[in-house]
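This is what each chain is made of:
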Amino acid sequence: GAEVVFSVDCTRLKEHFLPGEREFHRIYFNFPHCGRKAGVRKNRQLLAGFFHSCTELLAQEGEIHVALCNGQGGTPADQPRREWHNSWQIVAVAAAAGFILSDVQPFKAETIEGYTCTGYRSQDKSFCVEGALNHIFTRSTAPLCSTPLSCKTQLGSQNVSFQVPQVLVDKMNRGFLEANSRHPVRTIKEKLSAGLSQVFPLHNISSCLPLLHQGHPQGVYHSNLFWVTLSPGEAPSTEEISQELENTVLFSHFGQDTDKNVQEGSPVPKQFYLRPSLLPHARAIIKKRDFPPGTVQVLSGPVFRKCRISLHSMPVFHEMLVVLAVSRGTESSCIQMLVDSIQTTTNSLHQGVKPSISLQETTSLGAELNDFAAFEQQLGEIQHFLCVRTEAEPSESCVGVVRTAPDELKSRELVVSASLNLDLLAMLLCGISDWRMLWTSDRRFLRQFPEGELRLFKSFSLYPPSYVHDVSFWLPGGEQFDEVAFHSLARRVSAETIVSIQLRDDFQQPGTGRRSLCYRVTFQSCDRALGCREAAEMQLRLRQEMQQQLGVTLR
């Protein structure tokens, strides 16, 4: 009962099946080959034409199945694996047409009813399918839209709007912590809150916390903050600014002094930045005396920090801040109760992960600090680090810090605060290797997490292709190179498709003393198709922007 069409050119499918009239849920191409002794380059061209031809005929959630002989695909699934240049590079070829590899299965001809391996030109000469693989491709989400975004927030008693930094456009107002969300960061936050409520009276602060702070907290590097400009005519009055500074910018009671630029009597600076922490909001609560002793106050929301590019360093994450007032002399036991509650909750979240949480002294981690812990040190003195180890990640990762500080209003009490990075916890507990996956717009991510449950994540984009480019440049005379600014520029230009930036060479020219740096930049997307040409275009834009924004001279 099937319709059979002959003489179909796989690179011109729309000439045989009119787009819009048919949408195929499955398109199979078993063992494509140009014929005779065609080299890998011609067969890549054949696959490229085939994948581009499929774009107009495949249903939105359809699949393309391509069977290849062992080693041809060039992915880690091939055993043994060919060198990349000697393979058909199927993931890169498909990515150029907007498809991602979502599954790889052994090709078993005997399980396909009516399928027979007839051999070369239907002769008795056998066709070897031992170790052959069936590659299953699906549509990728579209590239991120770079349309400018304006966001509104409260500053003092006034609602103001500001232009969102381009690298954060797709990360604002995502609602991961809202009541109807089933995102893993919300599940972890709710479970941790429920566990703490079994030990302490708990108050969840759900009011909308301002996104902006003003001034500059001392000790925090300027390049680590996302600076923004308010929309014209919306700057708050000097009185409102002073009140905002008093409530949000001062970190002194968590081990940080007031910024010297905003001391009493000095001009109020008109600089605004996205909040890097929820600590100032906790201090505002303490100052208002709305802080019953023994009651845990829980604040949560996204915070924003510029950082270097890596799989575990994120420019935005969801912070959960737990604050508790205790009597002096009881802080050690209260901290241990907090940690025990977090340990018990995380152990119950997923049976297959078996997390282990340890409390470590500030001096015990040394150079092993990740970007999260290193930035927390800028915000003030830390007494303990909260570290997590899982079977999948045997090395410990810092996911939280614990601070103690005197309560300025009650001399016999101390304030204990624990700051947790919910995104890092979600990665460790769900087996997510790349932080960018937490922010994907692909619906296949959230489908894996029923509301209120955590599960081990199975990636829907296997073996994504990577593209390596080098960039070498001379530094302006006598200036230090700001690596964080360089990485932040690379994030913006590449729309978060750069996965690694590594320093390859640091050269100083004899005689002149001029200094040159060479970096290796690796492009790779964790959730969408990224083609070779698109990566090359981003690299060119990065080189242009580096000259304009960083003042370097390209080599």
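Scope of this entry: the structure provided in the associated data block. (Residues numbered from 1 in each chain as written. Predicted model: local features only at pLDDT ≥ 70, side-chain atom pairs only at ≥ 80, totals over all residues. Heavy atoms only, no water.)

## Focus: the packing of aromatic side chains
Put simply, the rule reads: Any Phe, Tyr or Trp ring, taking Trp's six-membered ring, that has another such ring centre within 6.5 Å forms a pair; planes under 30 degrees apart are called stacked, those over 60 apart edge-to-face, and the others tilted. Charge-over-ring placement is defined geometrically: NZ (Lys) or CZ (Arg) within 6 Å of the ring centre, and within 35 degrees of the ring normal.
Counted under the stated rule, the structure contains 19 aromatic pairs. Grouped by ring-pair contacts, the aromatic residues F29, F50, F51, F99 and F137 constitute a single cluster. Over the face of the ring belonging to W474 we find R514, whose NZ or CZ atom lies 4.3 Å from the ring centre.

## Describing the nonpolar core
As a reminder of what qualifies: Definition of nonpolar core: a set of buried residues of the types Ala, Val, Leu, Ile, Met, Phe, Trp, Tyr and Cys, connected through side-chain atoms within 4.5 Å. Buried, partly exposed and exposed residues are distinguished by accessible area as a fraction of the type maximum, computed with a 1.4 Å probe on protein chains only: under 20%, between the cut-offs, and over 50%, respectively. We call two residues in contact when some of their heavy atoms are within 4.5 Å.
Of all hydrophobic cores here, the largest spans 116 residues; its most connected members are F162, I188, L274 and F473. Beyond its immediate sequence surroundings of up to four residues, F162 is in contact with L149, S150, C151, T153, M172, L211, L212, V228, T229, L230, S231 and L274. C54, V66, W88 and A94 belong to the second largest nonpolar core, which has 26 residues in total.

## Side note on the pattern of salt bridges
This is how the line gets drawn: Any carboxyl oxygen of Asp or Glu within 4 Å of a side-chain nitrogen of Lys or Arg constitutes a salt bridge here. By definition, any uninterrupted DSSP run of H or I lasting at least four residues is a helix, any uninterrupted run of E lasting at least two residues is a strand, and each is numbered from the N terminus.
Across all of its chains, the model carries 19 salt bridges by this definition. Between E483 and R308 there is a salt bridge whose closest N-O contact spans 3.0 Å. Placement of the pair is E483 in helix α10 (residues 483-494) and R308 in the loop between β11 (296-304) and β12 (316-327), with a sequence separation of 175 residues. A relative accessible area of 21% means that E483 is categorised as partly exposed. The shortest N-O distance in the salt bridge between R436 and D434 comes to 2.7 Å. Given the relative accessible area of 10%, R436 is considered buried.

## Topic: unusual backbone geometry
Looking along the chain, the bond that leaves Q79 and enters P80 is cis, with omega of 0°. Checked against the element boundaries, P80 lands in the loop between β2 (58-68) and α2 (90-95). A positive phi angle is found at S7, which is not glycine, with a value near 55°. Mapped onto the elements, S7 comes out in the segment before β1 (24-30). One non-glycine residue with positive phi stands out, namely A495, at about 55°.

## Side note on the sheet that holds strand β4 (residues 133-139)
To keep it simple, the criterion reads: Each pair of strands is called paired provided DSSP finds at least two bridges between the two strands. Note on method: axes are straight lines fitted to C-alpha atoms, helices fitted across the in-contact stretch only, with angles between N-to-C directions ranging 0 to 180 degrees.
Pairing is mixed in the open sheet, where 4 strands are placed in the order β1-β2-β4-β3. The two strands at the open ends of the sheet, each matched to only one other strand, are β1 and β3 (99-106). Averaged over all pairs of adjacent strands, the angle between strand axes in this sheet comes to 20°, irrespective of strand direction. Here β2 runs beside β4; their pairing, made up of 5 bridges, is antiparallel. Along β4, the bridge assignment pairs A67 with N134.

## Topic: empty space enclosed by the protein
Using the following cut-off: Of the grid points, spaced at 1 Å and generated over the protein atoms alone, those admitting a 1.4 Å probe that cannot get out make up cavities, while open sets with protein on both sides within 12 Å along at least five of seven lines make up pockets; any residue with an atom within 4 Å of a point is treated as lining. Grid points are joined across faces, edges and corners, and a volume is the space filled by probe spheres set on the points. When residues are grouped by polarity, Ala, Val, Leu, Ile, Met, Phe, Trp, Tyr, Cys and Pro land in nonpolar, Asp, Glu, Lys and Arg in charged, and all others, Gly among them, in polar. Reported domain spans reflect what an automatic or database domain assignment gives.
In total, this model carries 4 cavities of 30 Å³ or more according to the counting rule given. Together, 17 residues line the largest cavity, and L144, R436, A495, E496 and D527 are the ones closest to its centre. Among the residues making up the lining of the largest cavity, the classes are represented as 6 nonpolar, 5 polar and 6 charged. Among the domains, domain 2 (176-208 + 277-447) and domain 3 (467-554) are the pair contributing at least three residues each to the lining of the largest cavity.

## Re the environment of A490
Assignment of secondary structure puts A490 in helix α10. Using a relative accessible area of 1% as the deciding quantity, one classes A490 as buried. Sequence separation of A490 and M546 is 56 residues, and the distance between their C-alpha atoms is 8.8 Å. Setting aside chain neighbours within four positions, we find A490 in contact with I309, I498, I501 and L542.

## Here's the deal with the pairing of β1
Here β1 pairs with β2 via 6 bridges, running parallel. Of the residues in β2, the one forming a bridge with I27 is I64.

## Notes on helix α5 (residues 279-287)
Of all 9 residues in α5, 8 are buried; the element is thus mostly enclosed. Residues of α5 that are buried include every one of L279, P280, H281, A282, R283, A284, I285 and I286, and no others.

## Thoughts on the environment of Q60
Mapped onto the elements, Q60 comes out in strand β2. Residue Q60 is classed as exposed on the basis of its relative accessible area of 57%. When the C-alpha atoms of Q60 and T138 are compared, they prove to be 8.5 Å apart, with 78 residues separating the residues in sequence.

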